[in-house]
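Understanding the architecture of this molecule
Here is how the chains run, residue by residue.
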Amino acid sequence: MKDYNMDNQGREDLDNMNTDENIAGTTHLSELSAREEEVDKLKEELQEQKDKYLRLFAEFDNFRKRSARESLELRQTAGKEVIISLLDVLDDCDRAEKQLQTTEDAPLKEGVQLVFSKLRSVLQGKGLKAMQSVNTDFDVEKHEAITEIPVQDPALKGKVIDEVQKGYYLNDKIIRFAKVVVGK
């Protein structure tokens, strides 16, 4: 029995040794748990910093794309005001060409048409494009109806019959709506 008591006593001492923090040799276990907590805390801080970095990077990328888009748009429409003011001159050129068709003076006709075509080609080079409206469906997004006239042909109802003033696009954006006559 004595051996049994000793054996039980030895086991109790071992159990107490492993659970008692004040016993020498067990302090390294508490240091490990403190280090693990510190490592976990550092991992959380690292994750927060990564998240901040990714958000900042995404925000900068969006800013860069937006700036590039605005810059491109600005370059495409930089001369918009000048081109809009030249549209009236272009309308006058169209009217003058119609009047020149009745003139018999060929060199005058040829010289004036050369100037008009050069003006048109320069404006087209800057992105100006005339809108084709006659015999198309009336579209409030592109046309401004001046008047409606009755038509005999039912196929012409709701279509543009005549163009009073041409509409224009500048780099695929409408800068002037076409003033048209619509069939009803």
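Residues numbered from 1 in each chain as written. Predicted model: local features only at pLDDT ≥ 70, side-chain atom pairs only at ≥ 80, totals over all residues. Heavy atoms only, no water.

**What to know about the packing of helix H3 (residues 80–100) against helix H4 (residues 106–125)**
The criterion, for reference: Note on geometry: axes are lines fitted to C-alpha atoms, helical ones only across the stretch in contact, with angles between N-to-C directions running from 0 to 180 degrees. Think of it this way: any DSSP run of H or I at least four residues long counts as a helix, any run of E at least two long counts as a strand, and we number them from the N terminus. Note that the term roughly parallel is reserved for angles under 35 degrees, roughly antiparallel for angles over 145, roughly perpendicular for angles of 65 to 115, and oblique for everything else. Crossing handedness is read from the near helix: turned anticlockwise from the far helix by less than a right angle, it gives a left-handed crossing, and turned clockwise, a right-handed one. Contacts are assigned to residue pairs with any non-hydrogen atoms lying within 4.5 Å of each other.
Orientation of H3 relative to H4, taken along the N-to-C sense of each, is 150°, at an axis distance of 11 Å. Compared by their axis directions, H3 and H4 come out roughly antiparallel. Regarding H3 and H4, the two cross each other, and that crossing is left-handed. Along its contact with H3, which presents Ile83, Leu86, Val89, Leu90, Cys93, Asp94, Ala96, Glu97 and Leu100, the element H4 presents Lys109, Val112, Gln113, Phe116, Leu119, Arg120 and Leu123.

**Remarks on the sheet that holds strand S5 (residues 173–176)**
The condition that has to hold: When DSSP finds two or more bridges between a pair of strands, those strands are recorded as paired.
Strand order in this open sheet of 3 strands is S1-S4-S5, and the pairing throughout is antiparallel. Each having just a single partner strand, strand S1 (128–130) and S5 make up the two edges of the open sheet. On average, adjacent strands in this sheet sit at an angle of 40° to one another, irrespective of strand direction. One ladder, built from 3 bridges, connects S1 with strand S4 (residues 168–170); its direction is antiparallel. Paired with Ala130 across the strands is Tyr168, a residue of S4. Docked against the sheet, H3 engages S1, S4 and S5, running at close to 60° with respect to S5.

**Re the pattern of salt bridges**
When their charged atoms lie close together, side chains carrying opposite charge are able to pair. Put simply, the test is: Each reported salt bridge corresponds to a side-chain nitrogen of Lys or Arg within 4 Å of a carboxyl oxygen of Asp or Glu. Only protein chains enter the area calculation, which uses a 1.4 Å probe; residues under 20% of their type maximum are buried, those over 50% are exposed, and those in between are partly exposed.
The tally for this structure, following the rule as stated, stands at 10 salt bridges. Where Asp61 meets Lys65, a salt bridge forms, and the shortest distance between an N and an O atom there is 3.4 Å. Note that Asp61 and Lys65 are positioned in helix H2 (residues 27–76) at a spacing of 4 residues, about one turn of the helix. For Lys65, a relative accessible area of 45% translates into the label partly exposed. Taking the shortest distance from any N to any O, the salt bridge between Arg120 and Glu97 comes out at 2.7 Å. Here the residue Arg120 occupies a position in helix H4, and Glu97 occupies one in helix H3, the gap between them amounting to 23 residues. A relative accessible area of 18% means that Glu97 is categorised as buried. One network of salt bridges, with partners in common, ties together Asp61, Arg64 and Lys65.

**Details of the side chain of Asp94**
Just so we agree on the cut-off: Whenever a nitrogen or oxygen atom comes within 3.5 Å of another N or O atom, the pair is scored as a polar contact, on the condition that within protein one atom can donate a hydrogen and the other can accept it, and that pairs from neighbouring residues in sequence are kept only if both atoms are in side chains.
Locating Asp94 in the fold gives a position in helix H3. Under the relative-accessibility criterion, Asp94 is labelled buried at 19%. Polar contacts involving the side chain of Asp94 include one to the side chain of Arg120, which spans 2.6 Å. Residues within four places of Asp94 in sequence aside, it is in contact with Arg120, Lys166 and Tyr168.

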